[in-house]
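Structure assessment
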Amino acid sequence: MKDLIAQVRNCRLCESHLPYYPKPIIQAHPTARLLIIGQAPGQKAHASGIPWNDASGNRLRNWLGLDTATFYDSSRVAIMPMGFCYPGKGTSGDLPPRPECAPQWHAKLLQQLPQLQLTLLIGQYAQHYYLPHAKSLTENVRMTDLFLPNFWPLPHPSPRNQFWLRKNEWFEQDIIPSLKATIHRIIHEKRA
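Attention here is on the structure that accompanies the text. (Residues numbered from 1 in each chain as written. Predicted model: local features only at pLDDT ≥ 70, side-chain atom pairs only at ≥ 80, totals over all residues. Heavy atoms only, no water.)

**Structural notes on the overall build of the chain**
Stated formally: Strands here mean DSSP runs of E at least two residues long; helices mean DSSP runs of H or I at least four residues long; both are numbered from the N terminus. For the radius of gyration, the atoms used are the C-alpha atoms, and the globule rule reads 2.2 Å times the number of residues raised to 0.38. Each residue gets one of three labels from its accessible area relative to the maximum for its type: buried under 20%, exposed over 50%, partly exposed in between, using a 1.4 Å probe on protein chains only. Each accessible area is a Shrake-Rupley estimate made with a 1.4 Å probe; only the visible protein chains count as cover when residues are assessed.
Tallying secondary structure elements over the chain gives nine helices and six strands in all. In summary, the chain has a C-alpha radius of gyration of 16 Å against a globular reference of 16 Å for 192 residues, a match within 12%. A buried classification covers 46% of the 192 residues belonging to the chain. Summed over its atoms, the accessible surface of the chain is roughly 9,900 Å², and 52% of this surface lies on carbon and sulfur atoms.

Next up, the structure:
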């Protein structure tokens, strides 16, 4: 696993398409039980080298019921975005994750995560990749039970997503309590 993570961190596959020098961001350990697959690191994460190191990460940790120390404990939580580097700014937020990353690295990394019990698919890019026959993001999130026990689709926790959260109040009322209970069980149950 250490060698593979080093290979990912040294990846320069899409360097010519990035606004800054490549800085692939990943968190993984073979004992991790929870995997978070999001879009791509934001500008703050790129600057710090820490995934979900922004307002989106604060909201995500709240949704999961995890404190910062547990969230960043790679022996419990793996973080593998669809694109490992910050893709740059677009007209209405960050650009989409680079398409080269997931096909190049995800299968190799998943082979090194044998204790995974749940994968969170955050946002449309992760959901389209891992649930190719699924519906819209809203329907995926609403129909979570169809994808369990392997996947749990979630909207992006970005502050830019306030409209979606207001329009879909059922998400925080009905889905989040169940999500927190599931995450608590996965993270805190005794290892065999």
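**Digging into helix α1 (residues 2-9)**
To keep it simple, the criterion reads: Read the arc as the range of directions from the helix axis to the C-beta atoms. Any two residues having at least one pair of non-hydrogen atoms within 4.5 Å are treated as being in contact.
The complete set of buried residues in α1 reads Leu-4, Ile-5 and Val-8. On an axial view of α1, the arc spanned by its buried residues comes to 100 degrees, and they lie on one face. In α1, the exposed positions that point more than 90 degrees away from the buried face belong to Lys-2 and Asp-3. Considering only its buried residues, α1 is in contact with α5 (101-111).

**Some thoughts on the packing of α1 against α5**
We count it as follows: Angles here are taken between N-to-C directions and fall from 0 to 180 degrees, while the axes themselves are lines fitted to C-alpha atoms, restricted in helices to the stretch in contact. The cut-offs work like this: below 35 degrees is roughly parallel, past 145 is roughly antiparallel, 65 to 115 is roughly perpendicular, and the gaps in between are oblique. If you view the pair so one helix is near and one far, a crossing is left-handed when the near helix is turned anticlockwise from the far one by less than a right angle, and right-handed when it is turned clockwise.
Closest axis-to-axis distance for the α1/α5 pair is 11 Å, and the angle between their directions is 165 degrees. As far as their axial angle goes, α5 and α1 are roughly antiparallel. Crossing of α1 over α5 shows left-handed handedness. Between α1 and α5, the residues in contact are Leu-4, Gln-7 and Val-8 and Trp-105, Lys-108 and Leu-109, respectively.

**Observations regarding the nonpolar core**
Quick reminder of the rule: The criterion is simple. A nonpolar core is a set of buried Ala, Val, Leu, Ile, Met, Phe, Trp, Tyr and Cys residues joined through side-chain atoms within 4.5 Å.
Counting 26 residues, the largest nonpolar core has Ile-36, Leu-64, Leu-120, Phe-171, Leu-179 and Ile-183 as the members making the most contacts within it. Only β1 (34-37), α3 (55-64), β2 (77-79), β5 (118-122), β6 (151-154), α8 (162-167) and α9 (170-188) provide two or more residues apiece to this core. Here this core takes eight residues from α9, the largest share from any one element.

Remember, this is a structural readout, not a statement about activity or role.
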